[in-house]
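Working through the structure, step by step
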Amino acid sequence: MKKIAILGSTGSIGTQALDLCARHPEEYRVTALTARSSREKLFEQVRRFRPEMAGLADGIRPEEIPEDLRFCRWMSGKEALRAAAAEVEADQVLVSIVGIAGLQSVLDALEAGRQVLLANKEALVTGGHLVMDLARRKGKPILPVDSEHSAIFQCLQAAGPNRATRILLTASGGPFRTWTREQIRRATREQALNHPNWSMGAKITVDSASMFNKGLEIMEARWLFDMPAERIQVVVHPESIVHSAVAFEDGAVLAQLGVPDMRVPIGYAMAYPRRLTTGVAEPDLFSLGKLTFEKPDEERFPSLRMAGEALAAGGAACAVLNGANEEAVAAFLRGEIAFGEIYDRVARALDRLAGLPAGNFEEIFDADRRARAVAKEG
Ligand code: NAD
Ligand code: MG
C-alpha cells in the first residue's frame, strides 16, 4: 500500500489523481489533501478519502469544519502546504498546485525524503537547479506528470543505457494556432480558455493559448533530462496524440502516443515503474487516420523566442519570465488587460531584470517579486 499526499487536490490534476486512487483502493491510501479556497470540494474529498490531514491555503477556522470531518487534522495557510509535503506520513507527494508556490513544496517534500510526483512546472522553471540538486542528493529522482515530460521519461525508460541526442517536444498549438498576430493580440478570455484538446486549470489553459506553456516546458525538460535548450525542438502537433519523442544517435526516434487524458501520465508517475489501469482507452489509429506536424511560429507566438532568450541568459531570467507571466495571466483573467499585453509585460520584465542571480531560494523569490512588480505597471 502506497501512501500519497496531494497538494492541490481540488484542481484538474488533483481530481484526476484521486480518480486513480479510487480505482485502486488496495494500492493507494491518501494521507493529506490541500486546496487553496475551494472548501466545499475539499470537504467532499475528505469525506470520501479520509486523509489524516487536510488544509486550505486561504485558511479555515475550527468552527467552519463540518462535524463529521473533525476526525482529521485541519490546517491553514503555508503551514498546511508544508505539513502535507513533509510532515504527514507519505511515500509520494503529488505537487499539483499552480505557480511558483510549488517550488517551496517540492523542496520541502524532497528534504523530507519523499518521492515527488511533479505536475507543477513552475518549480523547475524557477528553481530547476535547486530541485534537481536536492533530488540527486536525496536519491529521489523527480517523476514527471506533465504529459510531454512523462512521454519523454517513458521513451527514455525504453532506451536502456542509450543517451538521447535530441528531444522533440510536441505542442497542440492551442486555440490560436491558425490565427494572425493581430487576432491573437485581441483574443478574449473566453477564446483563450477554449482549448481544443485538453481540459485543464485556467492558468495553464491561457499559457497554452499564448504558448508560454511550451516555453515553460522547454525549461522543465532542460532540467529534468539535463538536455541543453538547443537540443529541444518544439513540434506543433494539433491532434495531441504524440505526447513527445526522443531521438538517438543512430537516427531512431521513440515516441509515446495516447489520447489526451492526464490520467495516463499521472498514473505512470504514481505506479512507476509499473503501469496502472486508468480507465483510458488506447488511441484508435484508424479513426484518427493521420497525424500532422508543423514548425512553431515565433513571430505569432513570441513566447517561444522569449523562453529561448531567458534560458540563454541563465541566472534568474526564467524566474523573471515566469513571475511576470503569472502576474500578466492573472490580470488577463480578471479582464484588466488584452491578451497581447501578456507578451508585452513579460518582455518588459525580461528587458529590465534578465541579469538577476538565482543562486539560492531567496534570490529566486526576490527575482519573482520584482518581475511581478514590473508586470503590474500599467
Ligand atoms: P487547477 O487550477 O485546476 O488546480 C490547482 C489546485 O491547486 C487547486 O486545488 C487549487 O486550490 C490549488 N492551488 C492553486 N494555487 C495554490 C496556491 N498558491 N497555494 C496552494 N494551493 C493552490 O490547476 P491544474 O490545471 O490542476 O494545474 C496544476 C499544476 O499542474 C500547474 O502547475 C500546471 O501547470 C500543471 N499541469 C497541469 C496539467 C493539466 O492537465 N491540468 C497538465 C500539465 C501540467
Ligand atoms: Mg504539458
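Model, not experiment: these values are computed from the prediction.

For the magnesium ion (ligand 2), the full set of protein donor atoms is Asp146 (OD), Glu148 (OE) and Glu217 (OE), and the range of their distances to it is 2.0 to 2.2 Å. Each donor residue of the magnesium ion (ligand 2) belongs to the same chain, with the gaps between them written as D-x1-E-x68-E. Residue Asp146 is found in the loop between β7 (143-144) and α6 (147-158), and its partner Glu217 is found in helix α10 (residues 212-224); the two are separated by 71 residues along the sequence. For the pair formed by Asp146 and Glu217, the shared burial category is buried.

Opposite charge on two side chains permits pairing when their charged atoms draw close. Tallying each qualifying case throughout the model produces 34 salt bridges. A salt bridge links Arg263 to Asp19; the shortest N-O distance between them is 3.2 Å. Of the two residues, Arg263 sits in helix α11 (residues 263-271) while Asp19 sits in helix α1 (residues 12-23), which places them 244 residues apart along the sequence. Accessibility expressed as a relative area gives 27% for Asp19, which makes it partly exposed. The salt bridge partner of Lys203 is Glu122, with a shortest N-O separation of 3.2 Å. In this pair, Lys203 sits in helix α9 (residues 202-210) while Glu122 sits in helix α5 (residues 122-138), placing the two residues 81 residues apart along the sequence. Under the relative-accessibility criterion, Lys203 is labelled buried at 13%. Judged by relative accessible area, which is 5%, Glu122 ranks as buried.

About the thresholds
- Within any chain, residue numbers begin from 1 and follow the written order of that chain's sequence.
- As they are written, the chains are lettered A onward and the ligands numbered 1 onward, keeping that order.
- Totals for whole chains, interfaces and linings use all residues, but because this is a predicted model, local features are given only for residues with pLDDT of at least 70 and pairs of side-chain atoms are given and counted only at 80 or more.
- Just so you know, side-chain values use all the structure's heavy atoms and leave hydrogens and water out.
- Distances define the donors: N, O and S atoms within 2.8 Å of the metal qualify, as do those within 3.2 Å of Na, K or Ca. Water is excluded, so some sites may look unfinished.
- Strands here are runs of E lasting at least two residues and helices are runs of H or I lasting at least four, both read from the DSSP assignment and numbered beginning at the N terminus.
- Partly exposed describes any residue whose relative accessible area lies between the buried limit of under 20% and the exposed limit of over 50%, with all areas from a 1.4 Å probe on protein chains only and scaled to the type maximum.
- By definition, a salt bridge exists where a carboxyl oxygen of Asp or Glu is found within 4 Å of a side-chain nitrogen of Lys or Arg.

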